[in-house]
Amino acid sequence: MWLRAPALLVILAAAAVLIASSPRTAAALVRITDDQGGNIGEYWSRFMALRDAGDQVVIDGACSSACTMVLGIVPHDRICVTPNAVLGFHAAYRPGLFGLEIINDPATRTLLNIYPIPIRQWIARHGGLGFITIYLSGPELFAMYRQCR
Amino acid sequence: MGKRPLAGAFCFGFAVLLASSTWAATLEPGQGDLSVNQGQGFQPVNSRVDAKVGDSVMVSPGGTATLTYDDGCTVTVQPGSVATVAPLSPCASGSYAQTNGDGTGGLGGLVVGAAAAGLLGLGIYEVSKSPSSGTAPASP
């Protein structure tokens, strides 16, 4: 009987050491403060990695263009917004002749398909995705996303 | 009143489902032999089929096939090659969504291009309307 408690302690200690030394890293907290977007494929890969790692996302500033894909890739309950959060939406484009930026309709449809339905509805109410960036912030944003503590 | 939370939960669940859904494409046979591997080895295909992310498409030498992604992006599978259905449409992955700091998205390039075209047009107009000294009527 006396040996059982120490044996249990040894097992628990070994388990703790095993857990502590396991390669799995803890989920991180990613803060977005000023992100103007970029290549859609790169952002897709980046946010898929965040999603798979279980990371939390804090939007604490500008998050425009491809950055807004985070809304549709990372689960809703792992995203929070601060009063500084401003989301900017516009159409996707591809480089054309003489540096002209040409709206890419398939890519724009992909962007729309990625967004959660409330975001799509908000975009539709504001004229859809076009050249001009439309911004979502403040109470309208807080109605859709949890405010960070 | 009691239906609202349920509807909200349903919408949220639907949104999460959509967000986590994988991209798909439609495969259209052209010429030659076409096979698709959807996880159970390559199977011959003779008519249009839906392909999922990760499916492999093999076209015989001299054959053709077309993959059309959900966003309308079309990719031609080259003869004698194997293509894989990508998780993100190739049209989207090669595109940009970047704000230029002026709040106009990609409008900056369009404005510059339009201004350049306008200046060019104005220049052509001015050159064409200005009287040449050789053809001007002599004043009495």
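Just so we're clear, the structure is a prediction, and the values are computed from it rather than from any experiment. (Residues numbered from 1 in each chain as written. Chains lettered and ligands numbered in written order. Predicted model: local features only at pLDDT ≥ 70, side-chain atom pairs only at ≥ 80, totals over all residues. Heavy atoms only, no water.)

A. Geometry of the pattern of salt bridges. In total, this model carries four salt bridges over all chains according to the counting rule given. A salt bridge links A:Arg31 to A:Asp60; the nearest nitrogen and oxygen atoms lie 3.2 Å apart. Of this pair, A:Arg31 sits in strand β1 (residues 29-35) while A:Asp60 sits in strand β3 (residues 56-64), and the two are 29 residues apart along the sequence. What makes A:Arg31 partly exposed here is its relative accessible area of 48%. The class of A:Asp60 is buried, set by a relative accessible area of 18%. In this structure, B:Arg48 and B:Glu28 form a salt bridge, with 2.7 Å as the shortest nitrogen-oxygen distance. Here B:Glu28 lies in strand β1 (residues 24-29) and B:Arg48 lies in the loop between β3 (42-44) and β4 (49-52), a separation of 20 residues in the sequence. (Salt bridge = Lys/Arg side-chain N within 4 Å of Asp/Glu carboxyl O. Helix = DSSP H or I, 4+ residues; strand = E, 2+ residues; numbered from the N terminus. Buried < 20%, exposed > 50% of the residue type's maximum accessible area, 1.4 Å probe, protein only.)

B. Representation of the packing of aromatic side chains. Counting across every chain of the model gives four aromatic pairs over all chains. Cation over ring: A:Arg46 sits above A:Tyr43, and NZ or CZ is 4.4 Å from the ring centre. (Phe/Tyr/Trp six-rings, centres within 6.5 Å; stacked < 30°, edge-to-face > 60°. Lys NZ or Arg CZ within 6 Å of the ring centre and 35° of its normal.)

C. Expanded view of the state of the cysteines. If you walk through the whole model with that rule in mind, you get three disulfides over all chains. Note on cysteine connectivity: A:Cys63 is disulfide-linked to A:Cys67, with sulfurs 2.0 Å apart. Linking A:Cys63 and A:Cys67, the disulfide has an S-S dihedral of approximately -105° and is accordingly described as left-handed. According to the relative accessible area criterion, A:Cys67 is buried, its value standing at 0%. Shown here is the disulfide that connects B:Cys73 with B:Cys91, its sulfur atoms set 2.0 Å apart. Because the sign of the S-S torsion sets the handedness, a value of about 80° for the bond joining B:Cys73 and B:Cys91 places this disulfide among the right-handed ones. With a gap of 18 residues between them, B:Cys73 in the loop between β6 (65-69) and β7 (74-77) and B:Cys91 in helix α2 (residues 90-93) connect regions that are remote in the sequence. On the basis of relative accessibility, which here comes to 2%, the residue B:Cys73 falls in the buried class. (Disulfide = S-S within 2.5 Å.)

D. Expanded view of the sheet that holds β3(B). All names here are of chain B. Spatially, β3-β2-β5-β8 is the arrangement adopted by the four strands of the open sheet, whose pairing is antiparallel. Of all the strands in the sheet, just β3 and β8 (82-84) have a single pairing partner and so form its edges. Taken over all neighbouring pairs, the strand axes of this sheet differ in orientation by 25° on average, direction set aside. (Pairing = 2+ DSSP bridges. Axes fitted to C-alpha atoms, helices over the stretch in contact; angles between N-to-C directions.)

E. Inspection of the sheet that holds β4(B) at higher detail. Residue and element names in this part refer to chain B. The strand order across the open sheet formed by four strands is β4-β1-β6-β7, and the pairing between neighbours is antiparallel. Strand pairing shows two members of the sheet lacking a second neighbour, β4 and β7, which therefore form its edges. Each adjacent strand pair in this sheet contributes to an overall mean axis angle of 30°, direction not counted.

F. Representation of the pairing of strand β5 (residues 56-59) of chain B within the structure. Residue and element names in this part refer to chain B. Two strands pair when backbone bridges link them, and strand β2 (residues 34-37) and β5 are joined in this way by four bridges, in the antiparallel orientation. Within β5, the position partnered with Val 36 by the bridge is Val 57. Looking at chain direction, β5 and β8 are connected through three bridges and run antiparallel. Across the sheet, Ser 56 pairs through a bridge with Thr 84, a residue of β8.

Purely spatial values, then, with no claim about function.
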